[in-house]
Amino acid sequence: MSNQKWETRPLEIWARAKELRANWQKSVDESASAETLILADGNTGDLDWSVGFCGVNVIEDNPLGAMLASKSDSFARKCRLASEVRGWGRELCGYVNNCWGSQFLGYQIDNSEFPYRDMSIPFPDPCDQHTKRGQQCMDLSPIPRWGGDWPMYLGEDDPLRDEALIDHKVYYMVNTIKQIEKSFGKEFDPQVIIDNIGIRPQLEEYGLRVSQLMTNIPTPISVKDLYSFYTMGTLTKVDPQETLDFWKSFVDELQWRVDNNIAAVGNERYRWMEAHPPAWHYLKYYRYMEQYGAVCVGSQYSHLMAGPVELKEDGTLGHRNIRPAPKDVKLRTIEDAIRFISTEARGHRFKDDEYFRYDAITDFAKAYHVDGAIMPLNRSGVGCTLTRKEQALRLNAIGVNTMHYENSQPGDRTDMDEHHFFDQLDSWMECQGFSKLVD
Amino acid sequence: MMIKAGIDVGLETIKIVILDDDNNIIVKTKTFSGGGKRKDTINQLWQKCLDESKIDATACHIVATGMGKYDVEFANRYITESLADATAGKHYLQGVESIVDIGANQVRVIPINDDGSIGQLAFSHKCGSGLGLLLSNIALRHELSYEEMSDLAKSAKGELKMNEGCIVFAELDMLEMQNKNMPQDEIIAAVINGVAVKICSVMNDKVKPSKQKTVLLGGLALNEALVNAIKLRSGIDFVIPEFPDYGTAIGAALLAE
């Protein structure tokens, strides 16, 4: 491509990332024959169940469902059909229908036996269809399913309510532990949790550093690159020390890239952001936009790895709440550990921001110096239409140009007009004065 | 003398305009898009323009636009419809604040900023697509011309309502009304009102078009009943140029160098 301003080069961390991801995938594939209990977790909760319970393997359905959408359209379709004919509506969630469709088929994408779950603790969310999560596996067997809560309230922070929310979280999580112990005859080890309590804060530190480095112009990596790394240690768990080592190497490499002006896109001249995950089966649009010298710096979703963040007065990103260092805190019980992990009562996910931290999306745009934003209008699940247009108006007000596209849900390609989407991208970029950069 | 040509290859029709140095229309012509033989149709139509106007093809700078623009293999430049519309709108109305294009496939709303740059675009999404195609199909089923459709709708009382969700459901709904022998003028009026609802939903997106300084382009702007229905819903007093169906092609031609 012409107009190359900065050097580009592949990331050296790729090989290690692939290895870790492959290890995780192997652990999933072999789960069926392994002598472990398998816990279906809708997403990462506040507690590492596989750490606290020896012999319990956690398989998250979101990354599996997204992986199926990205890797094999034909298998993902088969899975979704298997779900639909059993009454699980398409508008439920592409991730869920992919993952549990595989359950109904009885085999995984590589034809290995499906690892049937032994219990389910789906994580809740203040939106979409999370109340239905974990039902597919629960109804099939039946297996126990425990529902988590994600309590919220709107309006200004209220310390008394926050305290009540945290108390409630402690209560239901401790209760869940007791019930698992009773149901499966397993003993939860709170000391292991306490001993490893520093891992998540450390991961969030590394995540924040990556987020901060991506605010650099040019950005050292694009969000498409980031997608290969951002779930390490959360949705795709491998050995904790290996995970920490990986993140340190990743941060070091990105710092080096920033110091030496190594760019994700060598002719970066337009920075854009998103809201919510992308259409996993159609990631080619990131490369398509690079033809315009346009690089995607991510979204509040992709930067969740950093934990709760905010835009500081000096224009940089920083953690919203600072936990004390684990060594400075006396943690004796699992209740103490849960309270330590729970930095915010109302949760910090980007979806919460849509309800009461309205400036979060414009702060993101400012931090990353974005010119434009592409927002999904999804029928269901993550990225669903609620507040997408309002957020676009807020972005427009600070001079960020926005575009919308319609889709079913990131794990389901059914309703996406892929060619029309590219036409729209062309119109959008051309009307902002950009034409494709060609040799 | 440099001859400027704009070719708009739309879903239903191909439009060609040729302008002189003063941006006067020397030639304008259109035909149906020709389905699988679209490239041949384009080439034949272009040749027909040249033959009738006796213009030397080498003196033309050709800009192609529309969803089928890349079938114009002899074009010098390709641009998106939104850019062509914006250019046409500025040409037709000094101080234009927005352009709305209603065609066979798409509805586009193009706001123009104070500095003349293009603002936040809005497009019809899935269920608002193909509105022009719907009206063509309805006209075909009722064996009416476009003008006859418009006249019939204008004479109706507007007593019927129909599916406003998508063109597939709308057409099926219309067939049900036909099956039940409902008055033809009311059926047509219901279809046109349904289309107006969808168009207005796009106009209610991020930036609402200006009430006084909005140019209306596209083939559907020729349907008087539809335009009246949109005006009634939106309160916009559209500026409609003489050949709104050629608007995008004219915008493309204006960008020829």
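The rules we used
- Residue numbering note: each chain is counted from 1, following its sequence as written.
- Lettering of chains starts at A and numbering of ligands starts at 1, both following the order in which they are written.
- The predicted origin of the model limits local features to residues at a pLDDT of at least 70 and limits the giving and counting of side-chain atom pairs to 80 or more, whereas totals for whole chains, interfaces and linings rest on all residues.
- Each side-chain value is derived from all of the structure's non-hydrogen atoms; neither hydrogens nor water enter the calculation.
- The helix count covers DSSP runs of H or I at least four residues long, the strand count covers runs of E at least two residues long, and both are numbered beginning at the N terminus.
- Radius of gyration here uses only the C-alpha atoms, and the compact-globule reference equals 2.2 Å multiplied by the residue count raised to the power 0.38.
- Per-residue accessibility, obtained with a 1.4 Å probe over protein chains only, is compared with the maximum for each type, and a residue is labelled buried under 20%, exposed over 50%, and partly exposed between these values.
- Residues are treated as being in contact if the distance between any of their heavy atoms lies within 4.5 Å.
- Values of accessible area rely on a 1.4 Å probe in the Shrake-Rupley scheme; residue burial ignores everything except the protein chains shown.
- Here the positive residues are Lys and Arg and the negative ones are Asp and Glu; neither His nor the chain ends is included.
- The location of each charge is read from NZ of Lys, CZ of Arg, CG of Asp or CD of Glu.
- Any two strands between which DSSP finds at least two bridges are classified as paired.
- Paired rings are identified among Phe, Tyr and Trp, the last through its six-membered ring, by centres lying within 6.5 Å, and are further divided according to the angle between planes into stacked (under 30 degrees), edge-to-face (over 60) and tilted (the rest).
- Throughout this description, the term charge over a ring refers to an Arg CZ or Lys NZ atom that lies within 6 Å of the ring centre and within 35 degrees of the ring normal.
- What makes a salt bridge here is a side-chain nitrogen of Lys or Arg within 4 Å of a carboxyl oxygen of Asp or Glu, nothing more.
- The definition of a nonpolar core used throughout is a set of buried Ala, Val, Leu, Ile, Met, Phe, Trp, Tyr and Cys residues joined through side-chain atoms within 4.5 Å.
- Helix span is expected to be 1.5 Å times the residue number reduced by one.
- For this quantity, the arc is that covered by the directions from the helix axis to the C-beta atoms.
- Here an axis means a line fitted to C-alpha atoms, over the contact stretch when the element is a helix, while the angle between two N-to-C directions is reported on a 0 to 180 degree scale.
- The scheme is simple: roughly parallel for angles under 35 degrees, roughly antiparallel for over 145, roughly perpendicular for 65 to 115, oblique for anything else.
- Note that Gly is not counted as nonpolar here; it falls among the polar residues with everything else outside the nonpolar set of Ala, Val, Leu, Ile, Met, Phe, Trp, Tyr, Cys and Pro and the charged set of Asp, Glu, Lys and Arg.
- Once two parts are joined, some of their accessible surface, as seen by a 1.4 Å probe, is lost; buried area is that loss totalled over both.
- Under this definition, polar contacts are N or O atom pairs within 3.5 Å; protein pairs additionally need one hydrogen-donor-capable and one acceptor-capable atom, and for neighbouring residues in sequence, both atoms have to be side-chain atoms.

### Brief notes about the overall build of chain A
At step 1: What chain A contains, in helices and strands, is 17 helices and nine strands.
At step 2: Computed over its C-alpha atoms, the radius of gyration of chain A comes to 21 Å, within 12% of the 22 Å expected for a compact globule of 439 residues.
At step 3: Dimensions of chain A, computed from C-alpha atoms along their principal axes, come out at roughly 65 × 55 × 45 Å.
At step 4: Relative to its full complement of 439 residues, chain A shows a buried share of 57%.
At step 5: In chain A, of all internal contacts separated by at least 6 residues, the share reaching a separation of at least 24 is 77%.
At step 6: Just so you have it, chain A exposes about 17900 Å², and 49% of that area is on carbon and sulfur atoms.

### Focus on the overall build of chain B
At step 1: A tally of regular secondary structure across chain B gives eight helices and nine strands.
At step 2: Taking the principal axes of the C-alpha coordinates as reference, chain B spans close to 60 × 40 × 30 Å.
At step 3: Across the 257 residues of chain B, 57% fall into the buried class.
At step 4: Considering only residue pairs separated by 6 or more positions, chain B has 64% of its internal contacts joining residues 24 or more positions apart.
At step 5: Of the roughly 11200 Å² of accessible surface on chain B, a fraction of 48% belongs to carbon and sulfur atoms.
At step 6: For chain B, the centre of its 26 positive side-chain charges and the centre of its 34 negative side-chain charges are spaced 4 Å apart.

### Looking at the sheet that holds strand β7 (residues 107-111) of chain B
Two pairing modes exist for strands in a sheet, parallel and antiparallel, and in both the strands are linked by backbone hydrogen bonds.
All names here are of chain B.
At step 1: One open sheet holds the four strands; their spatial order is β8-β7-β6-β9, and the pairing between them is mixed. In this open sheet, the two edge strands, each paired with only one partner strand, are β8 (122-123) and β9 (214-217).
At step 2: Inspection of the sheet shows β7 paired to β8 by two bridges, in the antiparallel sense. Residue pairing in the sheet places R108 in a bridge with F123 of β8.

### Quick look at the side chain of T219 of chain A
All names here are of chain A.
At step 1: Within the secondary structure layout, T219 lies in the loop between α9 (199-213) and α10 (223-226).
At step 2: For T219, a relative accessible area of 0% gives the class buried.
At step 3: Those residues within four positions of T219 in sequence are excluded, and the remaining contacts are M214, I262, A263, A264, E268, R271, V295 and V297.

### Concerning the packing of aromatic side chains
At step 1: Throughout the structure, instances matching the rule amount to 31 aromatic pairs over all chains.
At step 2: One residue, K28 of chain B, lies across the ring of F243 of chain B, its end atom 4.3 Å from the ring centre.

### Quick notes on unusual backbone geometry
At step 1: Residue P142 of chain A is bonded to the preceding S141 of chain A through a cis peptide linkage, with omega at -10 degrees.
At step 2: A cis amide bond links I217 of chain A with the next residue in sequence, P218 of chain A, at an omega value of 5 degrees.
At step 3: Take P218 of chain A: it is sitting in the loop between α9 and α10.
At step 4: Positive phi outside glycine occurs at N23 of chain B, with the angle close to 65 degrees.

### Remarks on the pattern of salt bridges
If charged atoms from side chains of opposite charge come close, those side chains can pair.
Residue and element names in this part refer to chain A.
At step 1: Evaluation of the coordinates by the stated rule reveals 30 salt bridges over all chains.
At step 2: Of the charged contacts in the structure, one is a salt bridge between R9 and E7, with a shortest N-O distance of 2.9 Å.
At step 3: Given a relative accessible area of 40%, E7 falls into the partly exposed group.
At step 4: Each of the salt bridges in this network shares a partner with another, and the network as a whole consists of D73, R77, R413 and E418.

### Concerning the nonpolar core
Soluble, globular proteins show a tendency: their nonpolar side chains are buried together.
At step 1: The biggest cluster of nonpolar side chains holds 92 residues, and the ones touching the most others in it are F250, F421 and L425 of chain A.
At step 2: No other element matches the seven residues that helix α11 (residues 240-259) of chain A contributes to this core.
At step 3: Once residues lying within four places of it in the same chain are set aside, the contact partners of L425 of chain A are Y285, Y288, M289, I374 and M403 of chain A.
At step 4: With 42 residues, the next largest nonpolar core counts M149, M162, A196 and L226 of chain B among its residues.

### Focus on helix α1 (residues 14-29) of chain A
Residues and elements named next belong to chain A.
At step 1: Between its first and last C-alpha atoms α1 spans 22 Å; for 16 residues at 1.5 Å apiece the expected length is 22 Å, and the two agree.
At step 2: Burial in α1 covers these residues: A17, L20, W24, Q25 and V28. Angularly, the buried residues of α1 cover 140 degrees about the axis, an arc narrow enough to put them on a single face. Among the exposed residues of α1, those oriented more than 90 degrees off its buried face are A15 and K18.
At step 3: On its buried face, α1 is in contact with β2 (56-60), α3 (61-71) and α11.

### Concerning the packing of α3 of chain A against helix α5 (residues 94-105) of chain A
Residues and elements named next belong to chain A.
At step 1: Contact geometry of α3 with α5 gives a least axis separation of 8 Å together with a crossing angle of 90 degrees. Comparing their axes, α5 and α3 come out roughly perpendicular. Taken together, the residues of α5 that come into contact with α3 (itself represented by D61, N62, L64, G65, A66, L68 and A69) are Y95, V96, N98, C99 and W100.
At step 2: Residue composition of the contact of α3 with α5, grouped by class: eight nonpolar, three polar and one charged.

### Re the sheet that holds strand β4 (residues 60-65) of chain B
All names here are of chain B.
At step 1: Pairing in this open sheet of five strands is mixed, and the strands run β3-β2-β1-β4-β5 from one edge to the other. Each having just a single partner strand, β3 (25-32) and β5 (77-78) make up the two edges of the open sheet.
At step 2: Where strand β1 (residues 3-9) and strand β2 (residues 13-19) come together, six bridges link them in antiparallel fashion. When the bridges of β2 are listed, D8 appears paired with K15.

### Topic: the interface of chain A and chain B
At step 1: Contact with chain A, which involves 24 residues of that partner, is made by 16 residues of chain B.
At step 2: Summing both partners gives a buried area of about 1700 Å² for chain A against chain B, and 48% of it is carried by carbon and sulfur.
At step 3: Our count for the contact surface shared by chain A and chain B stands at two salt bridges.
At step 4: Viewed at the interface, chain B and chain A are joined by eight residue pairs in polar contact (both at pLDDT 80 or more).
At step 5: Mapped by element, the contributors of at least two residues to the side of chain A that touches chain B are α16 (388-397), β9 (401-407) and α17 (418-431) of chain A.

### What about the pairing of β2 of chain A?
Two faces belong to every sheet, and in a regular strand the side chains alternate between them.
All names here are of chain A.
At step 1: Among the five residues that make up β2, five are buried, leaving the element largely enclosed by the rest of the structure.
At step 2: Neither face of β2 is open: one carries V56, V58 and E60, the other N57 and I59, and all of them are buried.
At step 3: Pairing analysis gives five bridges linking strand β1 (residues 37-41) to β2, with the strands arranged parallel. Bridge pairing in β2 links A40 to I59.

### Regarding the side chain of D412 of chain A
Residue and element names in this part refer to chain A.
At step 1: Following the sequence through the fold, D412 ends up in the loop between β9 and α17.
At step 2: Residue class for D412 comes out buried when judged on its relative accessible area of 1%.
At step 3: A distance of 3.1 Å separates polar atoms of two side chains, one belonging to D412 and the other to R80.
At step 4: If we skip the residues at most four places from it in the chain, D412 touches R80, R90, G94, H281 and N407.

That's the geometry; what it means functionally is another story.
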